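Single-letter residue listing:
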Amino acid sequence: MDCMQQTTHIGGIFNGHCQLKFVNFEAQENTVSHETQGLSKTHLVVRRGKPFKITLVFDGRVLNPPSESLMLEVRLGSLSERIPVQFCKNPSHSQAWSAIIAQENIHFQSVTIHVCSPVLSSVGLYHLLLHIKDSQIRVNYALGHFALLFNPWLKDDPVFMPLDVHIQEYVKSDYGLIYMGTHLNVCKRPWSFGQYEPGVLEACLQLLQVSPQHLSDKHLDYVLRSDPVYISRVICAMVNCNDDMGILEGRWQGSYKSGTKPTEWSNSADILNLWVSSQCSPVRYGQCWVFASVLCTVMRVLGIPSRVVTVFNAAHDSDSNVKITEFYTSRGEKLGVSKDSIWNFHVWVECWMRRPDLGTEFDGWQVVDPTPQEKSAGVFCCGPCPVAAIQRRYLGTPYDAPFIYASVDADVVRLIVRDGVVVGRTVDTECVGQQIYTKSVDSDRPENLTHKYKGMKKISQSTVRRGQRSAVTRQGEVRPRTQLGHSRETLSTLEVSLSIDRVPVLGESIRISVKVTNHSNRPRILRENISAQLKEFNRSPQESFWTVHREVHIKPCEALLLHHSIPQFEYASVLAGDDIVNVAVVMKDVKTKERVLAAQEFNISPPKIHIEVEGGDFIQTNQEHTAFVSFTNQFTECLIGAVLTVEAPGLVPAKQETRLVLLEPGKKMDIKVSIKATSPGTKLLMATFSHNYSPCVVSRCFRRVSVTTA
């Protein structure tokens, strides 16, 4: 922002008084001191509880302290505070606003005032006024606006974070990684949070102004904005548009032609600026990682430490019984008839704050989930809920602890159904919440948070009374529960497991192993039914694209390892880079009719796209560089209608692409792109490859580019 700003005279007659000409917001010094560099070119941005300074430049004579006094006034909507300007050396540490002029800060035509807000001030865009007064008259000036944010560097702020390296990662960094895929083949994609992009801070402040809480009671909303718990619930609901003028509209199936497909987003700034430019109409479309990444951006802008977290095999417990029921046919096909579901991955946000409403044991990371799944107090939002409460199974803890707990630790009951009758039943107590990842501090490696959510292991079935169920203590603690399915049934003498031999690569055969163990002392004739189905990460599988049905003979107490292979031509027309495969096997004892089920879901690694930036990944603003993007056909067959595209918001003005009618095996196609950044921060180059034989994008690749001011 400009340091020197013209003031506006809004009342009073000068009549010999000193006249204010300019106000210098000392933007350079203040933003460095408050760690807010680059957040806005329009407003001064400071943090609560820490002094900032402004310099008043007068026209003619300077202030005469014995006969004239200064008073600042700060306004946030209906909230107003008048601050007498005092002449002393050190500011007081009270819970009120203060304004101090030291003797050395009085000059011939200017004075410098150090202003400090209370540490629990409400965040928002403040209006700053000046009143010059003597015994007879007062002259009033409008000085301008400043944005006041949370202060994670300040110990008394509820968002205080002790380690500076953590603040750098969870507040100041504009770069993150989203973990996706399955727990067997974890993929990562970079995301630019974009808090330093033009207009982003203003969009975040606008978000607060159009929330239902603000529109229904502006005064109460302004008062409550001092509380990060309140802010996180408001913003969480506003990231989706289900109840309000929120940012994103979700879509998980069907056509995306009326908007942008969720997989095509790579930064929050484009989404926030599009929302503002469309007069707060929802941006189409988002899915969980887009909702979470935008929420993370807004929270970091406001000064609340935040990180994006991925839960692999995340359960959606629709009836709050902490169980997920899945149905399979006797031929191994998964049925989409359950109201419950398990997403291969789900992404939410953790925000760091104290919880004085709950006690110090629940301070720290809080789950906040903006993806609209279930309502919380009548609104589509979720959290904040302490991670510590989930780990300790305190399900009475606000907010939404039961839903979040089920997401990471529900039991999965798999039923084999034939002609409407359940003919087999297995229970998996380990499937849900298989891994929980976030980006490590100052590193691209994942940090495994699973033990933070699931630190207390379920006790074994042998120590649990038959029929014992979950129970909540007076404090809301859930006692361990039995492994359902075995308390009332005899253990099966037939055991089956299924595994993927190695991470499959698109274009290669998928190799599957089924291990069958006969624990009885008699030989058996088994019927093996195995099925592979295509699915999206959050939906039930489609029809089978590959099946095997065969007879298997097994000796007493024998363990057999059965191998299967799905060749590339069997899946080429249905699978693409982002798809997931559900494979299930049902083993049936032909004589006893006993059936046992095993299932596994996995994703296929796509072929690689190569991106290189001339001169490296660190560039300066307004300097042209060249990026080279290439794809080599590693398949054994020709690819018809090959398309290689490149886009990079903030680096390339429009999407660029190259096409080939025929790309032969081993041949390469490439594209050269000129890039130039107009603003500093993290930018992302994104390239995609597709061809006529595939229903959607075959491969996607990203390259991080760090931009500094020239």
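Computed from a prediction, not measured in an experiment: that's the story for all the values here.

**Q** Got a minute to help me understand the overall build of the chain in this structure?
**A** Looking only at helices and strands, one finds 12 helices and 40 strands in the chain. Once the C-alpha set of the chain is aligned to its principal axes, its extents read approximately 110 × 65 × 40 Å. Residues counted as buried form 55% of the 710 residues belonging to the chain. The long-range share in the chain, meaning contacts at least 24 apart out of those at least 6 apart in sequence, stands at 67%. Working note: accessible area of the chain is about 30,200 Å², and carbon and sulfur atoms make up 50% of it. For the chain, the separation between the mean place of its 75 positive charges and that of its 70 negative charges on side chains is 5 Å.

**Q** How should I be thinking about the environment of Lys 588 in this particular structure?
**A** Take Lys 588: it is sitting in strand β31 (residues 580-589). Through-space distance from the C-alpha of Lys 588 to that of Arg 331 is 9.6 Å; in sequence the pair is 257 residues apart. Not counting chain neighbours up to four residues away, the residues in contact with Lys 588 comprise Arg 418, Ile 525, Leu 526, Arg 527, Lys 593, Glu 594 and Arg 595.

**Q** In this structure, what is going on with helix α10 (residues 401-409)? I would like to understand it.
**A** Helical geometry: 3.6 residues make up each α-helical turn, so side chains three or four residues apart lie on a common side. With respect to burial, α10 is a largely interior element, eight of its nine residues being buried. For α10, the set of buried residues is Ala 401, Phe 403, Ile 404, Tyr 405, Ala 406, Ser 407, Val 408 and Asp 409.

**Q** Looking at this structure, how should I read empty space enclosed by the protein?
**A** In this approach, a probe sized like a water molecule rolls over the atoms, and the result shows the empty space that is left. Applying the stated rule across the entire model yields five cavities of 30 Å³ or more. In this structure, the largest cavity occupies an estimated 140 Å³ of space. Taken together, 17 residues make up the lining of the largest cavity; nearest its centre are Lys 334, Asp 340, Ser 341, Ile 342 and Ser 540. Within the residue set of the lining of the largest cavity, elements represented by two or more residues are β17 (323-329), β18 (334-335) and β19 (341-353). Of all the elements, β17 adds the most residues to the lining of the largest cavity, at four residues. Class assignment of the residues belonging to the lining of the largest cavity gives a composition of six nonpolar, six polar and five charged. Size it by volume and the second largest cavity reaches roughly 70 Å³. Forming the boundary of the second largest cavity are Glu 169, Tyr 170, Tyr 175, Gly 176, Leu 177, Phe 193, Arg 300, Arg 307, Val 308, Thr 438 and Lys 439. Contributing elements (two or more residues each) for the lining of the second largest cavity: α2 (164-172), β12 (175-182), β16 (306-316) and β24 (435-439).

**Q** Hey, could you run me through the pairing of strand β8 (residues 98-101) in this one?
**A** Residues in a regular strand point their side chains to alternate faces of the sheet. Every second residue of β8 is oriented toward a common face, with Ser 98 and Ile 100 on one face and Ala 99 and Ile 101 on the other, all of them buried. Pairing analysis gives three bridges linking strand β7 (residues 79-87) to β8, with the strands arranged parallel. Bridging from a neighbouring strand, Phe 87 pairs with Ile 101 of β8. Bridging between β8 and strand β9 (residues 110-116) involves three bridges; their strand directions are antiparallel. By the bridge assignment, Ile 100 is partnered in β9 with His 114.

Analysis parameters
Residues numbered from 1 in each chain as written. Predicted model: local features only at pLDDT ≥ 70, side-chain atom pairs only at ≥ 80, totals over all residues. Heavy atoms only, no water. Helix = DSSP H or I, 4+ residues; strand = E, 2+ residues; numbered from the N terminus. Buried < 20%, exposed > 50% of the residue type's maximum accessible area, 1.4 Å probe, protein only. Contact = heavy atoms within 4.5 Å. Areas by Shrake-Rupley, 256 points an atom, 1.4 Å probe, with all protein chains shown as cover. Lys, Arg positive; Asp, Glu negative; His and termini not counted. Charge placed at Lys NZ, Arg CZ, Asp CG, Glu CD. 1 Å grid on protein atoms, 1.4 Å probe; cavity = no way out; pocket = protein on both sides within 12 Å on 5 of 7 lines; lining within 4 Å. Points joined across faces, edges and corners; volume = space filled by probe spheres on them. Nonpolar A, V, L, I, M, F, W, Y, C, P; charged D, E, K, R; others polar. Pairing = 2+ DSSP bridges.

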